[in-house]
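# Reading the structure
In case you want the letters, here they are:
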Amino acid sequence: MIHKENWKDSQTHFAAFWEKDYEKRCGMAIRTPCACRGEALLPVPAGTLEEAYTSPDALYASWKNASLRSRCFGEGLQAYYLNFGTAGHAAYFGAIPHYAPDTIWFSPILEEPDAGLLHFDRTGGALRRQAEAARELAQRAGEDFFVSMPDNCGIIDALAALRGTENLLMDMAENPEFVHEAREKILEAWKAAQADFFDILAENNKGGSSHGWMQLWCEGRHAQIQCDFSVMISPAMYEEFVLPEIEECARFLDRVTYHLDGQEQLRHLDMLLSVKKLDNIQWTPVAGQPKTSAFLGELRKIQAAGKGLVLVPDKEEVPVLLENLSSKGLHLVLNGVSGPEEAEELLRLAEKLAH
């Protein structure tokens, strides 16, 4: 892997993390800027915004260049996820993607609450195009960098993309049978697509699977799950419409991490912690909310329930997090680290405060 010299050591740390333990310190993934060491950067093909997200040529050049420009420390990985849009599996049912410089969003297509209108083609359409791009990228990446799973997360989130958020909120009150039926159809398609991507990417991922922005790797099949839509519904609605999805996704995967996005989801935390197959909670403080370290009580509760923690804090928060959280099953992803000296200092601090 480009600019990563400690892969064997990282494997040991990842193995400890998944078993809710630690090896000398908690997991700590750091990538710092670095020079290209004489290797020429690749020209990135000019094209449309859509091609920037979907063209294997553009993605390979961009990701190879990003790897050449960064050096990995701790559990830092050269791992880049296939960004076909959050809850991108909505496209498999015809949701129309719209490409912007920093995001992809979808236009709803379901004008009526009729699950019979949802049709999934495993061998054609959007999934076929994505799978072909993933296969070509994985082959070209070789040993240089990981191609990690696409952002296909959230079954109800995908349904919201297909139906429209306001319509889905009304459906939960007025057409619950539609929501249940549609969720099951999307869930089955999600499982089929995930299986295809795992198979395509396994060799590139050294027989396992990686997650790009969480900087995680494991020997089995791991993916992120979520329900960002849940910030708008009650615990009772979460239990009825979302919890079955979480439990089934967790059963399908070998390892599973739930992306908890913002403090509004805290009202669902107890239900999440009740899912035995759920390995980790990834905590994200959203814009305008307190930082990660402001929620130490909730983070300790997650650890006390036997779940791992994946955190993406400001680097200034690291000391208080290391002091107040167990190093067992803890994985910190640190951005904005200036260079090797600061990275090594943070790793030493993690070892000093390990407990």
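One can find the structure itself at the top, above this paragraph.
Residues numbered from 1 in each chain as written. Predicted model: local features only at pLDDT ≥ 70, side-chain atom pairs only at ≥ 80, totals over all residues. Heavy atoms only, no water.

### A word on the overall build of the protein
Tallying secondary structure elements over the protein gives 12 helices and 13 strands in all. For 355 residues, the compact-globule formula gives about 20 Å, and the C-alpha radius of gyration of the protein, at 20 Å, lands near that figure. Over its C-alpha atoms, taken along the principal directions, the protein stretches across nearly 60 × 50 × 35 Å. A buried classification covers 54% of the 355 residues belonging to the protein. Within the protein, counting contacts between residues at least 6 apart in sequence, those at least 24 apart form 75% of the total. Summed over all atoms, the accessible surface of the protein reaches about 14700 Å², with 49% contributed by carbon and sulfur. (Helix = DSSP H or I, 4+ residues; strand = E, 2+ residues; numbered from the N terminus. Rg over C-alpha atoms; globule rule 2.2 N^0.38 Å. Buried < 20%, exposed > 50% of the residue type's maximum accessible area, 1.4 Å probe, protein only. Contact = heavy atoms within 4.5 Å. Areas by Shrake-Rupley, 256 points an atom, 1.4 Å probe, with all protein chains shown as cover.)

### Remarks on the layout of surface pockets
Here the largest pocket defines a volume of roughly 290 Å³. If you trace the largest pocket, you find 16 residues lining it, with Thr86, Asp157, Ala160, Ala161 and Thr165 closest to the centre. At the level of secondary structure, the elements contributing two or more residues to the lining of the largest pocket comprise β5 (103-107) and α5 (155-163). Considered class by class, the residues forming the lining of the largest pocket number 10 nonpolar, four polar and two charged. (1 Å grid on protein atoms, 1.4 Å probe; cavity = no way out; pocket = protein on both sides within 12 Å on 5 of 7 lines; lining within 4 Å. Points joined across faces, edges and corners; volume = space filled by probe spheres on them. Nonpolar A, V, L, I, M, F, W, Y, C, P; charged D, E, K, R; others polar.)

### Points about empty space enclosed by the protein
Under the counting rule described, the total for this entry stands at four cavities of 30 Å³ or more. In this model, the largest cavity occupies a volume close to 100 Å³. Along the walls of the largest cavity sit 15 residues, with Met149, Pro150, Asp151, His211 and Gln224 positioned nearest its centre. Going through the elements one at a time, β7 (209-211) and β9 (222-226) are the ones with two or more residues in the lining of the largest cavity. Broken down by element, the residue count for the lining of the largest cavity peaks at three residues, all from β9.

### A few points about a negative patch on the surface
A cluster of acidic side chains, namely Glu111, Glu112, Asp114 and Glu181, defines a negative patch on the protein surface. Considering the arrangement of structural elements, one finds Glu111 in the loop between β5 and α4 (125-141). (Patch = residues over 30% accessible without salt bridge, like charges linked within 9 Å, V, L, I, M, F, W, Y side chains within 5 Å. Salt bridge = Lys/Arg side-chain N within 4 Å of Asp/Glu carboxyl O. Lys, Arg positive; Asp, Glu negative; His and termini not counted. Charge placed at Lys NZ, Arg CZ, Asp CG, Glu CD.)

### Concerning the pairing of β5
Each regular strand carries side chains that alternate between the two faces of the sheet. Direction of pairing for strand β4 (residues 96-100) relative to β5: antiparallel, over a ladder of five bridges. Bridge pairing in β5 places Tyr99 opposite Ile104. Turn length for the β4-β5 hairpin, with the two strands adjacent in sequence and antiparallel, is two residues. (Pairing = 2+ DSSP bridges.)

### Quick look at the state of the cysteines
In protein chemistry, a disulfide is the covalent bond that joins the sulfur atoms of two cysteines. Under the counting rule described, the total for this entry stands at zero disulfides. The thiol sulfur of Cys26 is not disulfide-bonded, and the nearest other cysteine sulfur, from Cys72, lies at 17 Å. Residue Cys26 is classed as buried on the basis of its relative accessible area of 0%. (Disulfide = S-S within 2.5 Å.)

### Side note on the side chain of Gln226
Mapped onto the elements of the fold, Gln226 is located in strand β9. Within polar-contact distance, the side chain of Gln226 engages the side chain of Asp157 at 2.9 Å. Within polar-contact distance, the side chain of Gln226 engages the side chain of Gln224 at 2.9 Å. Leaving out residues up to four positions away in the same chain, Gln226 has contacts with Thr86, Cys153, Gly154, Asp157, Glu245, Tyr258 and His259. (Polar contact = N/O pair within 3.5 Å; in protein donor to acceptor, adjacent residues only side chain to side chain.)

### Digging into the packing of aromatic side chains
By the definition in use, this model includes 12 aromatic pairs. On the numbers, 5.7 Å between centres and 20° between planes, the contact of Trp63 with Tyr80 is stacked. Of this pair, Trp63 sits in helix α3 (residues 56-68) while Tyr80 sits in strand β3 (residues 79-81), and the two are 17 residues apart along the sequence. Given a relative accessible area of 11%, Tyr80 falls into the buried group. Aromatic pair Trp283 and Phe295: ring centres 4.8 Å apart, planes at 50°, arrangement tilted. Of the two residues, Trp283 is situated in strand β11 (residues 280-284) and Phe295 in the loop between β11 and α10 (296-304); the sequence distance between them amounts to 12 residues. When sorted by exposure, Trp283 lands in the same class as Phe295, which is buried. Counting every residue linked through ring pairs, the aromatic cluster contains Tyr60, Trp63, Tyr80 and Phe145. (Phe/Tyr/Trp six-rings, centres within 6.5 Å; stacked < 30°, edge-to-face > 60°.)

So far we have only geometry, and geometry alone does not tell us how the molecule works.
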